[in-house]
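# Structure at a glance
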Amino acid sequence: MNLSRRSLLKSAAALAVFPTLARSAPLTLTAREGAQLIAPPGFPETAIWGFGGQVPGSPIHLQQGERVQRRLVNELPQATSVHWHGIRIDNAMDGVPGLTQDAVPSGATFDYDFIVPDAGTYWYHAHNKSVEQVARGLYGPLIVHESEAPDVEQDLVLMLDDWRLDPETAQITRDFDNGHDLSHAGRLGNLITVNGAFDPSFPVQQNQRLRLRLINAANARVFTVGLDGMAGWIVALDGMPLAEPIPIEDTFPLAPAQRADLLVDVLAANAETASLFSQERDGAFGLARFSVAGQAASTPRSGVRPLPPNPLSELTDLNNVPRHEMRLQGGAMRWLGSARIGETELSGRELAQLGRFWALNGYAERPDDPFLDAPLGSVHRIAFVNETAFPHAMHLHGHHFRLILPDGSLGPWRDTVLVERGETREIALVTDNPGNWLLHCHMLGHAASGMMSWYRVT
Ligand code: C2O
Ligand code: CU
């Protein structure tokens, strides 16, 4: 019998019959070891760490406004925690060891319990030793459905990852603290997967409209996504609907942790194959195939409507708003001269010995004092000034923010912004969610080696 907690709660009769089950069987999210065929056929299974022992962990599907309860059960040999990426969450449930909770030791549990205020495409992932734990597979999709979903034939979650496997054994290489990776572009892999599989294929029909929910779960790779045999629009970024869907004419970047919701129409004809690809330096790389079998009865739709907006605080007037600079420093080629850990100023060489290669505003570790101490309900601009020779994917916990476009107007809502080398990107946010919130680069090797800060809302 498969009784979900929700169906139990929905039915008073069921509650009367199974009173103890309803109270004593929390849904669990077990972090444990597993094995899965990730590499192309002919290779052995890869040993992974996953939620439920699989990668990705099972998708969590919710309705907007719903309450989520999950008991994390840690069966790993290492302490862990779960961060619900992009959810404007109750601070105590944010899953950050040392800031919002203790890491959950091996053999222990932690009960997560929160509300999802916004519809959209989100994800959950380990947030302890993330550079290792996410690389090993500890992540899964979290999908919050709109009460009125767009009219599509298929709603597909495509979770992209980039693995570094030993080319002989197909096992994950353990070089998570490789100084060259940390100080350069991060842990780039040699195998790209979608939903934990190499080059998967999805059956479709010509003229079908698909919703593709792309999630970049890679440690460091920025995908440059394009469509072949399909045409469509970006309708949401990082979970948040765009007021004006963007037609996909060329490719678009999807940095680590970012999401993009696409509505696409299948143009390829019967027996052809459409594809989603990433434009990599050495050519287009297929991410997933869509094998066309038959033709949908409907003729192709024309145009697309924006998704219903989420209940975000209005952000319109940026006059007289305080502007805070966050300088991104260090890394290969622009090595840190010195930076601080706590109150101690260390030389670049001393920092390198500690595995620290980057700094945010002069700190090579999350500082004791927050980067920004904001009263609840205030508006702030943050300028990410990238002084390094590498791109960074800057992520705020707890809030979405709006990009400030080069002409000064307000761009889309996001939770992670890609800041190219030498570039300055400005964002604006309304601090409407109290708590201690992390702010870091989502290239997880960069976060581990210095790009970690925080802000406080009280
Ligand atoms: Cu997706 Cu601090 O995390
Ligand atoms: Cu970075």
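- As annotated in an unreviewed UniProt entry, the protein carries the name Multicopper oxidase mco and is attributed to Ruegeria arenilitoris.

## Side note on the sheet that holds strand β25 (residues 379-386)
- If you walk across this open sheet you meet the six strands as β23-β20-β25-β30-β27-β28, and the pairing is mixed. Two strands bound the open sheet, and with one partner strand each, they are β23 (358-360) and β28 (410-414). Averaged over all neighbouring strand pairs, the angle between strand axes comes to 25°, with direction disregarded.
- Sheet topology note: the strand β27 (residues 401-404)/β28 ladder contains three bridges and is antiparallel.

## A few points about the pairing of strand β19 (residues 283-295)
- For strand β11 (residues 201-206) and β19, the ladder comprises five bridges, and the chain directions are parallel. Paired with Pro 203 across the two strands is Ser 291, which belongs to β19.
- Here strand β18 (residues 273-280) folds back onto β19 in antiparallel fashion, the turn holding two residues.

## Section: the sheet that holds strand β14 (residues 230-237)
- If you walk across this open sheet you meet the six strands as β10-β9-β12-β17-β14-β15, and the pairing is mixed. Each edge of the open sheet carries a strand with a single partner, namely β10 (191-194) and β15 (240-247). Across the sheet, the axes of successive neighbouring strands diverge by a mean angle of 25°, strand direction being ignored.
- Taken together, the seven bridges between β14 and strand β17 (residues 259-266) define a ladder with antiparallel strand orientation. Bridge pairing in β17 links Ile 234 to Leu 262.

## Digging into the UniProt feature "domain: Plastocyanin-like" (unreviewed entry) in the protein
- Taken from the UniProt record, the annotation "domain: Plastocyanin-like" (unreviewed entry) applies to residues 39-147, 155-266 and 357-457.
- For the annotated span residues 39-147, helix accounts for 4% and strand for 39% of the residues, and the straight-line distance between the end C-alpha atoms is 38 Å.
- What you have in residues 357-457 is 5% helix and 51% strand, and the ends, taken at the C-alpha atoms, are 29 Å apart.

## Brief notes about unusual backbone geometry
- In this chain, Val 55 is followed by Pro 56 through a cis amide linkage whose omega measures -10°.
- By the secondary structure assignment, Pro 56 is in the loop between β2 (46-51) and β3 (60-63).
- You will see that Asn 320, though not glycine, has its phi angle at about 60°, which is positive.
- With respect to the secondary-structure elements, Asn 320 resides in the loop between β19 and β20 (323-330).
- By the C-beta count within 10 Å, which is 6 here, Asn 320 ends up exposed.

Scoring rules and cut-offs
- Residues numbered from 1 in each chain as written.
- Chains lettered and ligands numbered in written order.
- Predicted model: local features only at pLDDT ≥ 70, side-chain atom pairs only at ≥ 80, totals over all residues.
- Pairing = 2+ DSSP bridges.
- Helix = DSSP H or I, 4+ residues; strand = E, 2+ residues; numbered from the N terminus.
- Axes fitted to C-alpha atoms, helices over the stretch in contact; angles between N-to-C directions.
- UniProt positions renumbered as here; feature names shortened; annotations may be inferred.
- Buried ≥ 20, exposed ≤ 12 C-beta atoms within 10 Å, placed from the backbone.

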